[in-house]
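Chain by chain, the residues run as shown.
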Amino acid sequence: MNEEYTRLDRMRYTKNTSSSRLAILAIVFDVLFFISLYKSDVGNYYYTILIGASIIYNLVFLLATFLASEGVKGYQRNYTWLLLALACGQIVRIFIYPVQGHAAKVSGAAVIGDGQFIFMIICLAASAVCLVGAALINWRKSKALSDHIASLEAGNA
Amino acid sequence: MAELKLQHLDKIYDNKVQAVYDFNLDVKDGELIVLVGPSGCGKSTTLRMVAGLEDISNGHLLLDGKDITQAPAKDRDMAMVFQNYALYGHMTIYENMAFSLTLRKEDPNVIHKKVLAAAEILDLTAQLNKKPNQLSGGQRQRVAMGRAIVRNPKVFLFDEPLSNLDAKLRSATRREILLLHKRLQATILYVTHDQTEALTLADRIVCMSMGHVQQIGTPLELYDRPNNTFVATFIGLPPMNMFDTVFEDGVLKGKGFSAELTPEQQSLLAPYARKKIILGVRPEDIAEGGSLEIRVGNNENLGMNTLVHGTVGEGIHITAKLRGWSDNKVGDLVPVHFNRMHFFDPETTNAIRKEAE
């Protein structure tokens, strides 16, 4: 067994922990984002249907990302698409609350200050980067594994 | 090379209870030694002292000439297989087998090769992605052995590894351990209370009782020439029949029966004239036909043989293993003779045999 073969063969018995851990890290960044968002209490600015939707999306995001983190552990290629979709969602979110809240003024002051604004953008962007990273690694590894298994089944072991 | 020397090992607990007394043993490279004895005889304690899980109160432990008496368990280069498997339920079989090497931060490719090689030996390749709860007891025990094999230790220590398995699986796994030993040529210390395991597996057996070594020898030596009444009754199934007798007029006289002796046996027992002697006869050394009569208590037909439980003389219990299928009824008298007899001194319980033996 050469080193490259062994590295590929190892994947038959080990989990794709790098993708899984990146997905979990994306959840952590998302949690930091929504803690920052929900701790703001500026009059009744947030009492809109948008904040309700944001809360529901957060729950869906947490569940879906966790599901994907478990799925990629087993090198399931379809979860790549879910991770990429969730990454896109995180990018889109940047233009909803952080941007809108930063632009909005209540009693002459910004609803989301500069520091909080930058922090929230970093969190969402970092979350998206982690998800894209997890997706790409999973795509590459799952393809390598399926090629390796096909090669084994063809009797090239 | 892995030669193990246990020199004058004692185990004395803090409460002054002594579990092992002056244990001496030289284990040769590639030898399979079985420590056998009843519960509480000190065999597991001895194994744990060798593994480094118990402190050694007195004595020395040498591995390949190096004194490892005070060495911590992790530095002894020994792998232990436990009765309860001790597998991690949340890990796959592959991860369980790789775990100790992962902790040592070995190269993952090297770990992979070692795990696959061990799985191949133990026929576990198809199970590597399963969790322990998806395997049978025998397979789990093989995983526990695999985890020991991947470490490539100098000495394997087995602590009653088959006790949790049912009879059929125990027999199959026993054969696998034997094949494994032949394949790996590893030095193995194996603890069991099951004398069948001891007789079938061991190169040499150490028979223990109450913390003392009673006899060390090959399975045949222990079966054929037991040192004392303990070994005689512990090794062999059904156990050896023991009769209190007196040596008089060239015969052994028991309560209501007597056993004829050959001239050699008479000369052997000459110093015991008119003294008490314990006569030992294995059930399989009793054959039909002769002057002794067994009053049948009950029969156990085993197919090729029949175990006859009954009495001789004045109600002395006896078990005989007679050839063939027997239809004896309760109370029937079966004439028998003894093919082979063992003699023991009732004071010391030691075997009476020629000095040359």
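Residues numbered from 1 in each chain as written. Chains lettered and ligands numbered in written order. Predicted model: local features only at pLDDT ≥ 70, side-chain atom pairs only at ≥ 80, totals over all residues.

## Some details on the overall build of chain A
Alright, step 1. In terms of helices and strands, chain A carries 6 helices and 2 strands.
Alright, step 2. Its helices and strands taken in sequence order, chain A reads α-α-α-α-α-β-β-α from the N to the C terminus.
Alright, step 3. Principal-axis analysis of the C-alpha atoms gives chain A an extent of 75 × 25 × 20 Å.
Alright, step 4. In chain A, which comprises 157 residues, the share counted as buried stands at 27%.
Alright, step 5. Expressed as a percentage of contacts within chain A between residues at least 6 apart in sequence, the contacts between residues at least 24 apart total 85%. (Helix = DSSP H or I, 4+ residues; strand = E, 2+ residues; numbered from the N terminus. Buried ≥ 20, exposed ≤ 12 C-beta atoms within 10 Å, placed from the backbone. Contact = placed C-beta atoms within 7 Å.)

## Section: the interface of chain A and chain B
Alright, step 1. Each side of the interface is counted separately: chain A has 7 residues, and chain B has 8 residues.
Alright, step 2. Among the residues making up the side of chain A that touches chain B, the classes are represented as 2 nonpolar, 1 polar and 4 charged. (Nonpolar A, V, L, I, M, F, W, Y, C, P; charged D, E, K, R; others polar.)

## Quick word on the domain arrangement of chain B
Residue and element names in this part refer to chain B.
Alright, step 1. You can read the domains of chain B as domain 1 (4-233) and domain 2 (241-344).
Alright, step 2. Placing a centre on the C-alpha atoms of domain 1 and another on those of domain 2 gives a separation of 39 Å.
Alright, step 3. Between domain 1 and domain 2, the residue contacts involve 5 residues of the former and 5 residues of the latter.
Alright, step 4. For the side of domain 1 that touches domain 2, a count of residues per class yields 2 nonpolar, 3 polar and no charged. (Domains from an automatic or database assignment.)

## Section: the pairing of strand β8 (residues 187-192) of chain B
Residue and element names in this part refer to chain B.
Alright, step 1. Judged by how many residues are buried, β8 sits mostly within the fold: 6 of 6 residues are covered.
Alright, step 2. Judged from the 5 bridges that link them, strand β3 (residues 32-36) and β8 form a sheet pairing that is parallel. Across the sheet, the residue bridging to V36 is T192, located in β8.
Alright, step 3. The sheet contact formed by strand β7 (residues 155-159) and β8 spans 5 bridges and is parallel. Among the inter-strand pairings, V155 is bridged to a residue of β8, identified as T187.
Alright, step 4. In the classification by handedness, the crossover that spans β7, the intervening helix α5 (residues 167-184) and the parallel β8 is right-handed. (Pairing = 2+ DSSP bridges. Right-handed = clockwise from strand over helix to strand, strands pointing away.)

## What about the sheet that holds strand β6 (residues 78-81) of chain B?
Residues and elements named next belong to chain B.
Alright, step 1. Ordered by their spatial adjacency, 6 strands build an open sheet running β6-β7-β8-β3-β9-β10, and the pairing between neighbours is mixed. This sheet does not close on itself; its edge strands, each paired only once, are β6 and β10 (212-217). Taken over all neighbouring pairs, the strand axes of this sheet differ in orientation by 15° on average, direction set aside. (Axes fitted to C-alpha atoms, helices over the stretch in contact; angles between N-to-C directions.)

## Side note on the sheet that holds strand β2 (residues 18-27) of chain B
All names here are of chain B.
Alright, step 1. Pairing is antiparallel across the open sheet formed by 4 strands, whose spatial order is β2-β1-β4-β5. The sheet is open, and its two edges are formed by β2 and β5 (66-67), each paired on a single side.
Alright, step 2. Inspection of the sheet shows strand β4 (residues 58-63) paired to β5 by 2 bridges, in the antiparallel sense. In the sheet register, L62 faces β5, and the bridge partner there is D67.
Alright, step 3. Helix α1 (residues 43-51) contacts β1 (4-12), β2 and β4 of the sheet and is inclined by roughly 115° relative to β1.

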